[in-house]
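Residue-level listing of the chains:
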Amino acid sequence: MERASPTREDARPEGARPGGGRLLGYGVGSVGTGVFSAVPGLLLLYYLTDTLGVPAAVGGAVLTLPKIWDVLLNPLVGAASDREAVRTGRRTRLLAAGSAALPVAFALMFAVPGGIAGGLPGAVWAGAAFLLAATAFACFQVPYVALPAEMSGSPAVRTRIMSWRVVCLTVGILVAGGLAPAVVDLAGGGRPGYAVMGASVGAVMAAALVTATLSTRWVESRPGPRPLGLVAALRLARGNRPFFALLAAFVTQALAVAVMLAGAPYVASYRLGDYGLTSLMFVCLVGPSIPAVPAWARLARRYGAVRCYLAASAAFCAVAVALVPSVAAGGLAATLGLTALAGVCYAALQLLPLSLLPDTVHADAARTGHAQAGAFTGLWTAGETAGLALGPGLFAGVLAVSGFVSAPVETPVAQPPSALTGLLLGFTALPALLMLISLPFVVRYGRLAREKETV
């Protein structure tokens, strides 16, 4: 078979190393994306059921429907991003549009007016704002994830780029999980507390997104040799089997983590006896990523990224199973310790698949002659969005089936034993099962990647 002619990306020096300032400028965008990825999954369902009194099934729909739209939108944004890159050599316009709109829509999600706060009207307001926020997020996230494949042709350098990004992502998630619930409490709780939190965290998000947009204007994006429509782009992408195996693993794991995040406030409130422990649990899950990311990067260089990815996935599954008796007994120290161990594994689940993703893009460029990073990241973020969206919805379904009773925080109700069992298993056993399902996809990716190397 005749080899496709090289694109401009193919010609970039393999060892090109962006400086620390440029890496930080890129990575800081993940503070904003981490906030948006985590806060709705962590707090929006609880806000709907325990502040606005929305039934759990309706709350799950509010979280799920906008994300379904986002799944459909992301591939369109990816194709649009590639077309923009062909015309202008940059992906800046979509990044700027998402940076401007996302923080505003995020704040509106938690600013339901008092006159419509109860029941369906409040759910409609929050759902509409979430829909706008999801659209803006796609405009930023899709071209943002495409940039590392265009920043360097070296896998080692791209792992370094991703290390910076995942550390910044961890900071964003910590802001979401550690700061957001605390701001709600400090602002008096209830609707006013959530409104203050939405505005405050939205301001942090805006600063991060705008900084990344301005700091990545140096990246030359050349998918070429000509713009492709969505259908043509997806037709070309269809033959990239390693990409789809990696995507399946990543999406299943994103779903597992999203289910666990959605369950954290309920476990803190109804199993550990204090909603305020939500922040501490979240910090224990995400905080270890900061020191763990460099450690996983070193292990990946020594033993291979795929082996480390498989080991971390299996370990997360084992830790989730071990959490069942710990949470059931209400053991705070054991629960927090195991959650921290899960956090060490979570660092690898963020770093390693994102480090492997550009390899699939570059391999496909050699096969097709089109380095269509936007098309692949559109599919990638669509899958990630689906996992993050379905997680809270799946947990809400567990609550509904197990008989959970929704009520405003001002008038708490005792939950039946079935609901307490349901939220326990939803936080522990369900993520473990999903992580177990992801393991064959990781193995398949490794096998396909080795086959590509021997061709």
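About the thresholds
Residues numbered from 1 in each chain as written. Predicted model: local features only at pLDDT ≥ 70, side-chain atom pairs only at ≥ 80, totals over all residues. Heavy atoms only, no water. Helix = DSSP H or I, 4+ residues; strand = E, 2+ residues; numbered from the N terminus. Buried < 20%, exposed > 50% of the residue type's maximum accessible area, 1.4 Å probe, protein only. Contact = heavy atoms within 4.5 Å. Areas by Shrake-Rupley, 256 points an atom, 1.4 Å probe, with all protein chains shown as cover. Salt bridge = Lys/Arg side-chain N within 4 Å of Asp/Glu carboxyl O. Axes fitted to C-alpha atoms, helices over the stretch in contact; angles between N-to-C directions. Parallel < 35°, antiparallel > 145°, perpendicular 65-115°, else oblique. Left-handed = near helix turned anticlockwise from the far one by under 90°. Nonpolar A, V, L, I, M, F, W, Y, C, P; charged D, E, K, R; others polar. Phe/Tyr/Trp six-rings, centres within 6.5 Å; stacked < 30°, edge-to-face > 60°. Lys NZ or Arg CZ within 6 Å of the ring centre and 35° of its normal. Polar contact = N/O pair within 3.5 Å; in protein donor to acceptor, adjacent residues only side chain to side chain. Expected span 1.5 Å × (residues − 1). Bend = angle between axes of the 7 residues up to and from the residue. Patch = residues over 30% accessible without salt bridge, like charges linked within 9 Å, V, L, I, M, F, W, Y side chains within 5 Å.

Caption draft 1: Structural view of the overall build of the protein. Counting secondary structure elements, the protein contains 17 helices and zero strands. Expressed as a percentage of the 455 residues in the protein, the buried residues total 58%. Put simply, of all contacts in the protein between residues at least 6 apart along the chain, 86% involve residues at least 24 apart. As presented, the protein carries roughly 16300 Å² of accessible surface, and 69% of it is formed by carbon and sulfur atoms.

Caption draft 2: Looking closely at the environment of Phe 137. Among the secondary structure elements, Phe 137 is positioned in helix 5 (residues 119–146). Spatially, the C-alpha atom of Phe 137 lies 8.4 Å from that of Ala 101, the residues being 36 residues apart in sequence.

Caption draft 3: Seen up close, the pattern of salt bridges. For the coordinates displayed, the defined rule picks out one salt bridge. The partner of Arg 91 in a salt bridge is Asp 82, and the shortest N-O contact between them spans 3.0 Å. An identical accessibility class is assigned to Arg 91 and Asp 82; each is buried.

Caption draft 4: View of the packing of helix 2 (residues 29–50) against helix 8 (residues 190–215). At their nearest, the axes of helix 2 and helix 8 sit 7 Å apart, and the two run at 160 degrees to each other. It follows from the interaxial angle that helix 2 and helix 8 lie roughly antiparallel. Where helix 2 crosses over helix 8, the two elements pack in a sense that is left-handed. Residue-level inspection shows Gly 29, Val 31, Gly 32, Thr 33, Val 35, Phe 36, Val 39, Leu 43, Tyr 46 and Tyr 47 of helix 2 in contact with helix 8, the latter providing Tyr 194, Met 197, Val 201, Met 205, Ala 208, Leu 209 and Ala 212. When its residues are assigned to classes, the contact of helix 2 with helix 8 shows 14 nonpolar, three polar and no charged.

Caption draft 5: Region of the structure containing the packing of aromatic side chains. Taken as a whole, this structure holds 13 aromatic pairs when the rule is applied. With a centroid separation of 4.9 Å and 40 degrees between ring planes, the pair formed by Phe 36 and Phe 137 is classed as tilted. Separated by 101 residues along the polypeptide, Phe 36 in helix 2 and Phe 137 in helix 5 bring together distant segments of the chain. Taking relative accessible area as the criterion, Phe 36 reaches 1% and is therefore assigned buried. Between Tyr 266 and Phe 404, the ring centres sit 5.5 Å apart and the planes meet at 80 degrees, which makes this aromatic pair edge-to-face. Placement of Tyr 266 in helix 10 (residues 241–270) and of Phe 404 in the loop between helix 15 (373–402) and helix 16 (417–427) is noted, with a sequence separation of 138 residues between them. Owing to a relative accessible area of 9%, Phe 404 belongs among the buried residues under this scheme. Of the aromatic side chains, those joined through ring pairs into one cluster are Tyr 46, Tyr 266, Tyr 270, Phe 395 and Phe 404. Stacked on the ring of Trp 218, the Lys or Arg Arg 22 has its end atom at 4.2 Å from the ring centre.

Caption draft 6: The side chain of Ser 438, seen in detail. Looking at the secondary structure, you find Ser 438 in helix 17 (residues 429–454). Ser 438 sits in the buried class, given a relative accessible area of 0%. A polar atom in the side chain of Ser 438 sits 2.6 Å from the backbone oxygen of Met 435. With residues up to four places along the chain from it excluded, the contact list for Ser 438 reads Ala 249, Thr 252 and Gln 253.

Caption draft 7: Inspection of the side chain of Gln 141 at higher detail. Along the chain, Gln 141 turns up in helix 5. Classification of Gln 141 by relative accessible area gives buried; the value is 3%. For Gln 141, the contacting residues outside a window of four places in its chain are Thr 33, Arg 165, Thr 381 and Glu 384.

Caption draft 8: Quick peek at helix 5. Counted at 1.5 Å a residue, the expected span for helix 5 with its 28 residues is 40 Å, and the 40 Å between its end C-alpha atoms agrees. The largest bend in helix 5 amounts to roughly 25 degrees and is located at Ala 138.

Caption draft 9: Quick peek at a nonpolar patch on the surface. On the surface, Leu 65, Ile 68, Trp 69, Leu 72 and Leu 131 cluster together into a nonpolar patch covering about 490 Å² of accessible area. Broken down by element, the residue count for the nonpolar patch peaks at four residues, all from helix 3 (residues 56–88). Overall, Ile 68 belongs to the partly exposed group, its relative accessible area being 44%.

Caption draft 10: Structural view of the packing of helix 2 against helix 10. One can describe the packing of helix 2 onto helix 10 by two numbers: an axis separation of 6 Å at closest approach and a directional angle of 55 degrees. Between helix 2 and helix 10, the interaxial angle falls into the category oblique. Crossing handedness for the pair helix 2 and helix 10: right-handed. Of helix 10, the residues touching helix 2 (which contributes Gly 41, Leu 42, Leu 45, Tyr 46, Thr 49 and Asp 50) are Leu 261, Ala 262, Ala 264, Pro 265, Tyr 266, Ser 269 and Tyr 270. Partitioned by chemical class, the residues of the contact of helix 2 with helix 10 number nine nonpolar, three polar and one charged.

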